[in-house]
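# Report on the structure
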Amino acid sequence: MRNVKVPLGNRSYDIKIGTGLLARLGNECARLGLQSRCAIISDSNVAPRYARAAQQALKRGGFDSTLITVPAGETAKSLKTVQTCYDQLAAQRLERRSFIVALGGGVVGDLAGFVAATYLRGIAFAQVPTTLLAQVDSSVGGKVGVNLRAGKNLVGAFYQPRLVLCDLGTLASLPMREYRAGLAEVIKYGIIYDAALFRRLERDLPRLLRRDAETLAAVVARCCQIKAEVVRQDETEGGLRAILNFGHTIGHALEAISHYGRYLHGEAISIGQVAAAVLSARILGLAEDDVARIADLFRRAGLPTAIRLSPSQQKRLLAAMQLDKKVTGGEVKFVLARRIGKVEYGQKVPANVLGEVINHQPSTIH
Ligand SMILES: NC(=O)c1ccc[n+]([C@@H]2O[C@H](COP(=O)([O-])OP(=O)(O)OC[C@H]3O[C@@H](n4cnc5c(N)ncnc54)[C@H](O)[C@@H]3O)[C@@H](O)[C@H]2O)c1
Ligand SMILES: [Zn+2]
C-alpha cells in the first residue's frame, strides 16, 4: 500500500492507495477515531458492486452503516438529491459523531462531501473513489458541491475528508471510456508539474491501458502527491491551485455548448489541453516538439484531441469561455505551459489569437 499525506494542519489526512483496500475501510476509520454509525452514499452502478464489501469492512471495524443509493450520473449532483440524502440521514438518526462514506466516482464524492459539510453543520466523511478521475483528482483537495440549472458546481464548500481510500481493484469494472477519461487528468499532472511523470506516461501507457496494478499504483500515487502539494500551498484557490485547470477553460466551454451530453469531462479537457498547448506555443514559446508530444500522448490514450466546429459553434464556444466561473472582471485567463512540467497561470490571451487557435484547430491538430 502507498500512502500520500495531505498536510493541512488540523485538517491533514492520508490518501491510501493499493489493491484490495476496501476490505480495510472499517479499520482505517477506527484508527482515525471515527465513532458510532455511518452512512455510505453511493450510486446505482457502484452500490451493487461494492457496497456490500464496504458494509462488511465497516462492520469489522465496529461500525454500523446504512446505505443511501442515488441515481448514477451527473444529474444526481443536485440540491434535490442533497435533500433526499438529508432526509435519509435524519430518518436513520445519524448524529454529530456519525460520518459519511462517499463510495463512487466524482459525482458521488462531490455530492456526499457536500452533504457531509452541511448536515448538522458538518460531520466527518471519508472518500472511497472508484473511478480513475476520482482517485487522482476529485477525491483529493476538499472541493465539494452540486450543480444548479445555471451551471456546474455553483453551490459548494471547501471541506476536507478525513481519509481517502483508493482501492485500485475497483477500477477493474470501470468502463474503458471512463477509464480513458481519467487518463486525461493523469496526463495533465505531467504537463503542469512533472516532466518525469510525463516521460513515464509516454513509456508506460500500454501498461496503464491494461490497468497493470503496479504501474497504476505508482502513477495514481504520484498524481495524488502533486494534487496534495498544490492544495497544501493554496487550499482555497487564491492562486497556484489554478494550474489544475490546465485545458479546462476550453474544456468546460466545450462541455457547456454540447450541454454536457457529447463529451465526458476527460474527453473535453483532452481537447482543451491540446488547444492550450497550441496557445502555449504562440504565447509562452512552448516548443512545437512538445506540442506534438502532448497531442500524441492524448491520442495514444484513445482520447479526442480536436473538434470541427461550425462558425456559429465557434462563437458559442468563445462566449461560453466568458461565462466560466473562473473568469474575473470579464477577462478570460489561461493556464499555459512554458515547457512540459512547468505552467504559468493568469495568462492573458489576445482575442484574435484565441479565435485563430479555435478556428484552425482541425488543421493544426488532428
Ligand atoms: N471536487 C473536485 O475537485 C473535482 C475535480 C474533478 C471533477 N469533479 C467532478 O467529478 C465528477 C465526474 O466524476 P467521474 O468522472 O468519476 O464521474 P461519475 O462519478 O459520474 O462516474 C462515472 C460513471 O462510472 C460509474 N462508475 C463509477 N465507479 C465505477 C466502477 N468502479 N465500476 C463501474 N462503474 C463505475 C458511475 O456510476 C458513472 O456512471 C463531475 O461532477 C466533476 O464536476 C470534481
Ligand atoms: Zn478536470
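Note that the structure is a prediction, hence the values are computed from the model and not measured.

### Description of the coordination of the zinc ion (ligand 2)
Protein-derived ligands of the zinc ion (ligand 2) are E185 (OE), H248 (NE2) and H265 (NE2), with the metal-ligand distances lying across 2.0 to 2.1 Å. Taken in chain order, the donor set of the zinc ion (ligand 2) reads E-x62-H-x16-H. In this pair, H248 sits in helix α9 (residues 248-257) while H265 sits in helix α10 (residues 265-284), placing the two residues 17 residues apart along the sequence. Classification of H248 as buried rests on a relative accessible area of 6%.

### Brief notes about the nonpolar core
One finds I15, I17, L132, L279 and F334 to be the most contacted residues of the largest nonpolar core, which totals 82 residues. Formed by 24 residues, the second largest nonpolar core is a distinct cluster that contains I41, V70, V108 and I123.

### Quick word on the pairing of strand β7 (residues 143-148)
Sheet topology places β7 next to strand β8 (residues 151-158); 5 bridges connect them, and they run antiparallel. Residue pairing across strands places L148 opposite G151, the latter belonging to β8. Hairpin connection from β7 to β8: 2 residues lie between these consecutive antiparallel strands.

### Here's the deal with the side chain of Q273
One can find Q273 in helix α10. Discounting chain neighbours no more than four positions away, the residues touching Q273 are A184, K188, I191, F246, G247 and F298.

### Considerations on helix α3 (residues 79-91)
Compared with the 18 Å implied by 1.5 Å per residue over 13 residues, the 18 Å span of α3 between its first and last C-alpha is a close match. Along α3, the residues classified as buried are T81, V82, C85 and L89. Seen end-on, α3 carries its buried residues on one side only, within an arc spanning 105°. Residues of α3 that are exposed and point more than 90 degrees away from the buried face comprise K80 and A91.

### A few points about the site of ligand 1
The environment of ligand 1 is made up of 26 residues, and the closest members are D43, G106, T130, T131 and S173. The fraction of the free accessible surface of ligand 1 (860 Å²) that becomes covered by protein chains is 89%. For the shell around ligand 1, the secondary structure elements donating two or more residues are α2 (47-60), α4 (106-118), α5 (132-138) and β8. By residue class, the composition of the shell around ligand 1 is 7 nonpolar, 9 polar and 10 charged.

### Considering the packing of α3 against α4
Two elements in contact, α3 and α4, have axes whose closest approach is 10 Å; the angle formed by their N-to-C orientations is 55°. Viewed along their axes, α3 and α4 adopt a mutual orientation that is oblique. Here α3 and α4 pass one another in a crossing that is right-handed. Each of L79, T81, V82, C85, Y86 and L89 in α3 lies in contact with α4, whose residues at this interface are L111, F114, V115 and T118. Of the residues that constitute the contact of α3 with α4, the class distribution is 8 nonpolar, 2 polar and no charged.

### So, the pattern of salt bridges
Taken as a whole and assessed by the stated rule, the structure comprises 27 salt bridges. Put simply, K188 and D137 hold a salt bridge, and the shortest N to O gap is 3.9 Å. Linking K188 in helix α6 (residues 176-193) with D137 in helix α5, this pair joins segments that are 51 residues apart in sequence. Comparing K188 with D137, the two get one shared label, buried. Look at the salt bridges and you will find they share partners, linking K5, D14, K16, R24, E28 and R31 into a network.

### Looking at the packing of aromatic side chains
In the structure shown here, the tally under the stated rule is 3 aromatic pairs. Ring geometry for F63 and F99: centres 5.1 Å apart, planes at 85°, overall edge-to-face. Residue F63 is found in the loop between α2 and β4 (65-70), and its partner F99 is found in strand β5 (residues 99-104); the two are separated by 36 residues along the sequence. We classify F99 as buried; its relative accessible area is 0%. Measuring from ring centre to ring centre gives 6.5 Å for Y86 and Y119, while their planes differ by 25°; the resulting arrangement is stacked. Separated by 33 residues along the polypeptide, Y86 in helix α3 and Y119 in the loop between α4 and β6 (124-129) bring together distant segments of the chain. According to the relative accessible area criterion, Y86 is partly exposed, its value standing at 24%. Taking the relative accessible area as the measure of exposure, Y119 reaches 10% and is therefore buried. Just above the ring of Y189 sits the side chain of K188; from NZ or CZ to the centre is 5.3 Å. For the cation-ring pair, R211 lies above Y179, with the distance from its terminal atom to the ring centre recorded as 4.3 Å.

### Considering the sheet that holds β6
As summarised here, the arrangement of the 7 strands in space is β1-β2-β9-β6-β5-β3-β4, forming an open sheet in which the pairing is mixed. The open sheet has two edge strands with one neighbour each: β1 (2-6) and β4. Put simply, the sheet's adjacent strands are angled 20° from each other on average, direction ignored. Sheet analysis places strand β3 (residues 38-43) next to β5, joined by 5 bridges and oriented parallel. Opposite I41, over in β5, you have A102 as the bridge partner. Packed on one face of the sheet, α2 meets β3, β4 and β5 and runs near 165° to β3.

Rules used throughout
Residues numbered from 1 in each chain as written. Chains lettered and ligands numbered in written order. Predicted model: local features only at pLDDT ≥ 70, side-chain atom pairs only at ≥ 80, totals over all residues. Heavy atoms only, no water. Donors = N, O, S within 2.8 Å, 3.2 Å for Na, K, Ca; no water. Helix = DSSP H or I, 4+ residues; strand = E, 2+ residues; numbered from the N terminus. Buried < 20%, exposed > 50% of the residue type's maximum accessible area, 1.4 Å probe, protein only. Core = buried A, V, L, I, M, F, W, Y, C linked by side-chain atoms within 4.5 Å. Pairing = 2+ DSSP bridges. Contact = heavy atoms within 4.5 Å. Expected span 1.5 Å × (residues − 1). Arc of directions from axis to C-beta. Near = heavy atom within 4 Å. Areas by Shrake-Rupley, 256 points an atom, 1.4 Å probe, with all protein chains shown as cover. Nonpolar A, V, L, I, M, F, W, Y, C, P; charged D, E, K, R; others polar. Axes fitted to C-alpha atoms, helices over the stretch in contact; angles between N-to-C directions. Parallel < 35°, antiparallel > 145°, perpendicular 65-115°, else oblique. Left-handed = near helix turned anticlockwise from the far one by under 90°. Salt bridge = Lys/Arg side-chain N within 4 Å of Asp/Glu carboxyl O. Phe/Tyr/Trp six-rings, centres within 6.5 Å; stacked < 30°, edge-to-face > 60°. Lys NZ or Arg CZ within 6 Å of the ring centre and 35° of its normal.

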